[in-house]
Amino acid sequence: MEEATLNNNILAKLSDKFGEKVTAVSEPYGLLSFATTKDVIVNVLSFLKNELKFNFLTDITAVHYPGKDHGIAVVYHLNNMVEKVRIRIKVFISEQNPTIPTATTVWKGANWMERETYDLFGVRFEGHPDLRRILNMDDLGVHPMLKQYPLEDPNRVDKKDEFFGR
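An unreviewed UniProt entry lists the chain under the name NADH-quinone oxidoreductase subunit C, from Pedobacter yonginense. Under the UniProt heading Subunit (unreviewed entry), the entry covering the chain gives this text: "NDH-1 is composed of 14 different subunits. Subunits NuoB, C, D, E, F, and G constitute the peripheral sector of the complex." Recorded in UniProt for the chain, the comment headed Subcellular location (unreviewed entry) runs: "Cell membrane".

Okay, here's the thing in C-alpha coordinates:
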(Lines give C-alpha, C1' and ligand atoms only; values in the text may rest on other atoms or scores of the structure.)
Protein backbone atom coordinates (compact mmCIF):
# COMPACT_ATOMS: atom_id res chain seq x y z
CA MET A 1 0.00 0.00 0.00
CA GLU A 2 1.25 3.47 -0.78
CA GLU A 3 2.80 5.43 2.11
CA ALA A 4 0.34 8.34 1.92
CA THR A 5 -2.63 5.95 1.93
CA LEU A 6 -1.23 4.10 4.94
CA ASN A 7 -0.70 7.36 6.80
CA ASN A 8 -4.24 8.53 5.97
CA ASN A 9 -5.72 5.23 7.21
CA ILE A 10 -3.71 5.40 10.44
CA LEU A 11 -4.70 9.01 11.01
CA ALA A 12 -8.38 8.26 10.34
CA LYS A 13 -8.36 5.42 12.90
CA LEU A 14 -6.55 7.58 15.46
CA SER A 15 -8.98 10.46 14.92
CA ASP A 16 -11.98 8.15 15.25
CA LYS A 17 -10.66 6.76 18.53
CA PHE A 18 -9.12 9.87 20.15
CA GLY A 19 -10.77 12.79 18.33
CA GLU A 20 -9.38 16.19 19.32
CA LYS A 21 -6.57 14.62 21.34
CA VAL A 22 -4.70 14.08 18.05
CA THR A 23 -3.31 17.46 16.94
CA ALA A 24 -0.46 19.04 14.96
CA VAL A 25 -0.53 16.40 12.25
CA SER A 26 2.26 16.58 9.68
CA GLU A 27 4.15 14.27 7.35
CA PRO A 28 7.77 15.38 7.06
CA TYR A 29 9.48 13.09 4.54
CA GLY A 30 6.48 10.76 4.67
CA LEU A 31 6.77 10.15 8.42
CA LEU A 32 3.34 10.57 10.02
CA SER A 33 3.81 12.84 13.03
CA PHE A 34 1.27 14.14 15.51
CA ALA A 35 0.97 15.51 19.01
CA THR A 36 -1.25 14.30 21.81
CA THR A 37 -1.64 14.94 25.53
CA LYS A 38 -0.10 13.18 28.48
CA ASP A 39 -3.47 12.09 29.85
CA VAL A 40 -4.06 9.79 26.83
CA ILE A 41 -0.52 8.91 25.73
CA VAL A 42 -0.59 5.40 27.21
CA ASN A 43 -3.96 4.73 25.56
CA VAL A 44 -2.64 6.04 22.23
CA LEU A 45 0.49 3.87 22.48
CA SER A 46 -1.60 0.80 23.43
CA PHE A 47 -3.97 1.43 20.51
CA LEU A 48 -1.08 1.81 18.09
CA LYS A 49 0.53 -1.39 19.35
CA ASN A 50 -2.51 -3.63 19.70
CA GLU A 51 -4.87 -2.38 17.00
CA LEU A 52 -2.58 -0.88 14.37
CA LYS A 53 0.33 -3.32 14.87
CA PHE A 54 3.06 -0.80 15.69
CA ASN A 55 4.94 -3.56 17.45
CA PHE A 56 8.37 -1.96 17.74
CA LEU A 57 9.20 0.97 20.01
CA THR A 58 12.17 2.50 18.24
CA ASP A 59 12.94 5.36 20.60
CA ILE A 60 11.78 7.61 23.40
CA THR A 61 13.54 10.92 23.81
CA ALA A 62 12.79 14.56 24.51
CA VAL A 63 13.39 18.01 23.05
CA HIS A 64 13.79 21.14 25.18
CA TYR A 65 12.17 24.35 23.94
CA PRO A 66 13.25 26.99 26.47
CA GLY A 67 10.89 29.90 26.98
CA LYS A 68 7.82 28.15 25.54
CA ASP A 69 4.65 27.40 27.55
CA HIS A 70 5.22 23.69 27.19
CA GLY A 71 8.99 23.65 27.32
CA ILE A 72 9.65 19.94 26.83
CA ALA A 73 8.39 17.58 24.16
CA VAL A 74 8.59 13.86 24.88
CA VAL A 75 8.97 12.12 21.51
CA TYR A 76 8.08 8.52 20.72
CA HIS A 77 9.07 6.75 17.49
CA LEU A 78 7.19 3.56 16.63
CA ASN A 79 7.55 1.12 13.77
CA ASN A 80 5.07 -1.28 12.18
CA MET A 81 7.45 -3.95 10.88
CA VAL A 82 4.79 -5.78 8.85
CA GLU A 83 3.57 -2.83 6.79
CA LYS A 84 6.94 -1.05 6.99
CA VAL A 85 5.57 2.23 8.30
CA ARG A 86 6.91 4.55 11.01
CA ILE A 87 5.20 7.09 13.20
CA ARG A 88 6.25 9.91 15.54
CA ILE A 89 4.23 11.05 18.55
CA LYS A 90 5.00 14.19 20.55
CA VAL A 91 3.66 15.08 23.98
CA PHE A 92 4.36 18.60 25.20
CA ILE A 93 4.79 18.93 28.96
CA SER A 94 5.63 21.73 31.35
CA GLU A 95 9.26 22.48 32.05
CA GLN A 96 8.41 23.28 35.68
CA ASN A 97 6.68 19.92 36.24
CA PRO A 98 8.07 17.51 33.62
CA THR A 99 5.99 14.39 34.33
CA ILE A 100 4.34 11.91 32.01
CA PRO A 101 2.98 8.36 32.48
CA THR A 102 5.41 5.54 31.77
CA ALA A 103 5.25 3.49 28.58
CA THR A 104 6.72 0.44 30.34
CA THR A 105 3.15 -0.80 30.79
CA VAL A 106 2.97 -1.13 26.99
CA TRP A 107 6.58 -2.02 26.13
CA LYS A 108 9.07 -3.45 28.65
CA GLY A 109 11.84 -2.03 26.42
CA ALA A 110 10.73 1.50 27.30
CA ASN A 111 12.46 1.08 30.66
CA TRP A 112 15.97 2.04 29.56
CA MET A 113 14.80 4.69 27.08
CA GLU A 114 12.81 6.43 29.81
CA ARG A 115 15.73 6.22 32.21
CA GLU A 116 17.97 7.88 29.62
CA THR A 117 15.37 10.60 28.97
CA TYR A 118 15.05 11.19 32.71
CA ASP A 119 18.82 11.38 33.11
CA LEU A 120 19.41 13.82 30.25
CA PHE A 121 16.21 15.93 30.31
CA GLY A 122 14.76 15.46 33.81
CA VAL A 123 11.44 14.04 32.56
CA ARG A 124 9.86 11.98 35.34
CA PHE A 125 7.93 8.97 34.07
CA GLU A 126 5.14 8.25 36.57
CA GLY A 127 4.82 4.57 37.38
CA HIS A 128 8.26 3.66 36.06
CA PRO A 129 9.59 0.58 37.91
CA ASP A 130 13.15 1.87 38.42
CA LEU A 131 13.55 5.52 37.43
CA ARG A 132 17.16 6.51 38.16
CA ARG A 133 20.11 7.90 36.28
CA ILE A 134 21.63 5.66 33.67
CA LEU A 135 24.53 7.67 32.17
CA ASN A 136 25.47 10.36 34.68
CA MET A 137 26.47 10.29 38.32
CA ASP A 138 23.63 10.05 40.82
CA ASP A 139 24.70 13.23 42.60
CA LEU A 140 24.83 15.33 39.42
CA GLY A 141 22.45 18.19 40.15
CA VAL A 142 21.54 19.05 36.56
CA HIS A 143 20.13 17.40 33.45
CA PRO A 144 22.71 18.04 30.72
CA MET A 145 20.41 18.29 27.69
CA LEU A 146 18.29 21.09 29.13
CA LYS A 147 19.32 24.40 27.58
CA GLN A 148 19.68 26.22 30.89
CA TYR A 149 23.30 27.27 30.63
CA PRO A 150 25.38 29.31 28.16
CA LEU A 151 26.60 27.22 25.25
CA GLU A 152 30.16 28.45 25.63
CA ASP A 153 32.28 29.54 28.54
CA PRO A 154 32.58 33.35 28.25
CA ASN A 155 36.04 33.17 29.84
CA ARG A 156 37.64 31.07 27.11
CA VAL A 157 40.64 33.00 25.83
CA ASP A 158 40.73 31.28 22.43
CA LYS A 159 37.35 32.85 21.58
CA LYS A 160 38.35 36.49 22.19
CA ASP A 161 37.97 38.80 19.18
CA GLU A 162 41.37 40.42 19.63
CA PHE A 163 43.05 37.11 18.82
CA PHE A 164 41.36 37.07 15.41
CA GLY A 165 41.98 40.70 14.39
CA ARG A 166 38.38 41.77 15.03
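The next subject is the overall build of the chain. Per the secondary structure count, the chain includes three helices and seven strands. Overall, the chain shows an N-to-C arrangement of helices and strands of α-β-β-α-β-β-β-β-α-β. Among the 166 residues that make up the chain, the fraction classed as buried is 39%. Considering only residue pairs separated by 6 or more positions, the chain has 52% of its internal contacts joining residues 24 or more positions apart.

Now for the sheet that holds strand β5 (residues 85–93). One key point about sheets: their strands pair by backbone hydrogen bonds, in either a parallel or an antiparallel sense. Within the open sheet, the five strands sit side by side as β1-β2-β5-β4-β3. Their pairing is mixed. The open sheet has two free edges, formed respectively by β1 (23–26) and β3 (56–64), since each of these has just one partner strand. Between one strand axis and the next, the sheet turns through 15 degrees on average, direction left out of account. Taken together, the eight bridges between β3 and strand β4 (residues 72–80) define a ladder with antiparallel strand orientation. When the bridges of β4 are listed, Ile60 appears paired with Tyr76.

The end-to-end C-alpha distance of helix α3 (residues 110–121) is 16 Å, a good match for the 16 Å that twelve residues give at a rise of 1.5 Å each. Among the twelve residues in α3, ten count as buried, and that is most of the element. Residues of α3 that are buried include every one of Ala110, Asn111, Met113, Glu114, Arg115, Thr117, Tyr118, Asp119, Leu120 and Phe121, and no others.

On to the pattern of salt bridges. Tallied over the full model, the rule gives three salt bridges. Residue Lys21 pairs with Asp39 through a salt bridge whose shortest N-O separation is 3.0 Å. Of the two residues, Lys21 is situated in the loop between α1 (3–18) and β1 and Asp39 in the loop between β2 (32–36) and α2 (41–50); the sequence distance between them amounts to 18 residues. Residue classification places Lys21 among the partly exposed residues on the basis of a relative accessible area of 30%. With a shortest N-O distance of 2.9 Å, Arg132 and Asp130 are connected by a salt bridge.

Turning our attention to α2. Where α2 is concerned, the buried positions are Ile41, Val44, Leu45, Phe47 and Leu48. Projected down its long axis, α2 carries its buried residues within an arc of 160 degrees, all on one side.

Let's shift gears to the packing of aromatic side chains. Considering all chains together, one arrives at two aromatic pairs under this definition. Taking 5.7 Å as the distance between ring centres and 85 degrees as the angle between the ring planes, the aromatic pair formed by Phe18 and Phe47 counts as edge-to-face. Highlighted residues: Phe18 in helix α1 and Phe47 in helix α2, separated in sequence by 29 residues. Accessibility assignment for this pair places Phe18 and Phe47 in one class, buried. Between Tyr65 and Phe92 the ring centres are 6.2 Å apart and the planes differ by 40 degrees, which places this aromatic pair in the tilted class. One end of the pair, Tyr65, is in the loop between β3 and β4; the other, Phe92, is in strand β5, with 27 residues separating them in the sequence. According to the relative accessible area criterion, Phe92 is partly exposed, its value standing at 33%. Lying across the ring of Trp112, Arg115 places its NZ or CZ 4.9 Å from the centre.

Criteria and thresholds
Residues numbered from 1 in each chain as written. Predicted model: local features only at pLDDT ≥ 70, side-chain atom pairs only at ≥ 80, totals over all residues. Heavy atoms only, no water. UniProt positions renumbered as here; feature names shortened; annotations may be inferred. Helix = DSSP H or I, 4+ residues; strand = E, 2+ residues; numbered from the N terminus. Buried < 20%, exposed > 50% of the residue type's maximum accessible area, 1.4 Å probe, protein only. Contact = heavy atoms within 4.5 Å. Pairing = 2+ DSSP bridges. Axes fitted to C-alpha atoms, helices over the stretch in contact; angles between N-to-C directions. Expected span 1.5 Å × (residues − 1). Salt bridge = Lys/Arg side-chain N within 4 Å of Asp/Glu carboxyl O. Arc of directions from axis to C-beta. Phe/Tyr/Trp six-rings, centres within 6.5 Å; stacked < 30°, edge-to-face > 60°. Lys NZ or Arg CZ within 6 Å of the ring centre and 35° of its normal.

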